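# Coordinate inspection notes
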Amino acid sequence: MSTFNDNHRAIIQAFMCRKTLKMHDMKELFATIFAVNNPDPIDPRTFPENEIQIYLFDINEELSRFDLEIKSIRSQDDRTPIYALVNLSSDTVIQSATHHTADEIAYFRRLLDAMFDTNNQANAEVFAVKRNDAERLHKAPRGEEEGNEGSGGKGLTMYEAQQALQSFVEEGWLERSGNQWYSLAPRGLLELSEYLKKTYNSSETAGSPNSSPTPGEDLIRFCYLCKDMLTVGQRCDDYSCPARMHNPCAKVLFEKSDPKCPGCKKVWSGDSPVGEKAAARLHVVRRQGGRASTVGTGGKMPKADGVKERRKQTRVIDDDEEDDEDEDEEDEEAHESDGEE
Ligand SMILES: [Zn+2]
Ligand SMILES: [Zn+2]
């Protein structure tokens, strides 16, 4: 390998500090670092990407001794590459990479359960947890208080949970949407993909985009086109069909062909969302199936045949902001949050 120098070290330091970098961040970083020993100014916009890749190759060779690697993942929103320093040895959630306490890590696991199990149902693959629901998970559930491997003690106070959520976002594990939904951020997707498959899928092959639509235990979804994990995007209008796609991937696929499902060949409307937008749909379905309601469906609602047994059908996802705020005021432990954007 080439000589490991201050440039390499500066790049690693930047990753330790900033957690995730997009390509334009990378170009700015490299231009700044290279400008130190360069008499001429360097334009970050024209910094050659192949030079960046060569540096990353050398850095990763060095980092491999510590089971670390700078890996990239494509943004689910626009498919641009995002880079993060990833701990390859962590088979437990965020444990070895961070300073978090056992209680905080147990809380993070409860958040993952909320995203990938509770809020991941046959009719609504939300893969996110509403802020108020996330905060309410601060207490350890009964039976998990002590003795269970990997679980913490009593849990966290509401205030501690709010602080933990903030640090999970700052560290790049989670991101919070404008509508106050927490979901896995690129670093979380990169570093936790193996853990998630191991925890929520009964088998990795069954979780592949080409798996049969028979009921199973697999809760992690993949894009039919790019094969990456998918937590935001769209799904086949036939809810028993396993096909999912990122929005930009669907756009690419249907640019030159009729929008037909690549799996079952039925018409693909693009109106069946995956992600926080799916929560509203769940709300409508439930009202439709429950008490009389004036709420319309806004479109046909395909019957889901492949309902997963593990998917809890009783969970209420309330996307009514006012209700949530009221409940918070009743919570004795609730603290005024400073996290509003
Ligand atoms: Zn994709
Ligand atoms: Zn289909």
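Look above for the structure.
Starting afresh in each chain, residues are numbered from 1 along the sequence in its written order. Labels are handed out in written order, letters beginning with A for the chains and numbers beginning with 1 for the ligands. Local features in this predicted model are restricted to residues whose pLDDT is 70 or higher, and side-chain atom pairs enter the listing and the counts only when it is 80 or higher, whereas totals over whole chains, interfaces and linings include all residues. Water and hydrogen atoms were dropped before computing side-chain values, which therefore reflect all heavy atoms in the structure.

## Section: the coordination of the zinc ion (ligand 1)
For Na, K and Ca the donor cut-off is 3.2 Å; for every other metal, N, O and S atoms count as donors within 2.8 Å. Water does not enter the count, which can leave sites looking incomplete. Coordination of the zinc ion (ligand 1) by the protein comes from C223 (SG), C226 (SG), H246 (ND1) and C249 (SG), over a distance range of 2.1 to 2.3 Å. Sites are called tetrahedral only when four donors show all angles between 85 and 135 degrees, square planar or octahedral only when four or six donors show opposite pairs over 155 degrees and all other angles between 65 and 115, and irregular in any remaining case. Considering all four donor atoms around the zinc ion (ligand 1), angles at the metal cover 97 to 117° and the coordination shape is tetrahedral. The motif formed by the donor residues of the zinc ion (ligand 1), counted along the single chain, is C-x2-C-x19-H-x2-C. Each member of the pair C223 and C226 is classed as buried. Accessible area is worked out with a 1.4 Å probe on protein chains only. A residue is then buried under 20% of its type maximum, exposed over 50%, and partly exposed in between.

## Some details on the nonpolar core
One recurring pattern in soluble globular proteins: nonpolar side chains tend to sit buried together. Put simply, buried Ala, Val, Leu, Ile, Met, Phe, Trp, Tyr and Cys residues joined by side-chain atoms within 4.5 Å make one nonpolar core. Of all hydrophobic cores here, the largest spans 46 residues; its most connected members are Y107, L111, L112, F116, L174, L184 and L196. For this core, the secondary structure elements donating two or more residues are β3 (81-87), α4 (102-118), α6 (158-170), β8 (181-184), α7 (186-200), β10 (229-230) and α8 (247-253). Counting residues per element, this core draws most heavily on α4, at seven residues. By the convention used here, residues are in contact when the closest approach between their heavy atoms is within 4.5 Å. Among all residues touching L196, those that are not within four sequence positions of it are L112, F116, L184, N201, I220 and M229. Membership of the second largest hydrophobic core comes to 21 residues, among which are I11, I12, L29 and F47. Only runs of H or I of at least four residues qualify as helices and only runs of E of at least two qualify as strands under DSSP, and these elements are numbered from the N terminus.

## Comments concerning the sheet that holds strand β13 (residues 273-274)
At least two DSSP bridges between two strands are required for those strands to pair. The strand order across the open sheet built from three strands is β12-β11-β13, with neighbouring strands paired in antiparallel fashion. The open sheet is flanked by β12 (244-245) and β13, the only strands paired with a single partner.

## Considering the coordination of the zinc ion (ligand 2)
At 2.3 Å from the zinc ion (ligand 2) lie its protein donor atoms, namely C236 (SG), C241 (SG), C261 (SG) and C264 (SG). For the zinc ion (ligand 2), the four donor atoms in the first shell make angles of 101 to 118° at the metal, so the coordination geometry reads as tetrahedral. Going along the chain, you hit the donors of the zinc ion (ligand 2) in the pattern C-x4-C-x19-C-x2-C. Of the two residues, C241 sits in the loop between β11 (233-235) and β12 while C264 sits in the loop between α8 and β13, which places them 23 residues apart along the sequence.

## A short note on the packing of α4 against α6
Packing of α4 against α6 leaves a shortest axis separation of 11 Å and a crossing angle of 75°. The angle between α4 and α6 falls in the class roughly perpendicular. Across from E104, Y107, F108 and L111 in α4, the residues of α6 making contact are A161, A164, L165 and F168. Looking at the contact of α4 with α6 residue by residue, the classes come out as seven nonpolar, no polar and one charged. Angles run from 0 to 180 degrees between N-to-C directions of axes, and those axes are lines fitted to C-alpha atoms, restricted for helices to the stretch in contact. When describing relative orientation, an angle under 35 degrees is termed roughly parallel and one over 145 degrees roughly antiparallel, while 65 to 115 degrees is termed roughly perpendicular and anything else oblique. Here the nonpolar group is Ala, Val, Leu, Ile, Met, Phe, Trp, Tyr, Cys and Pro; Asp, Glu, Lys and Arg are the charged ones; every other residue, Gly included, is treated as polar.

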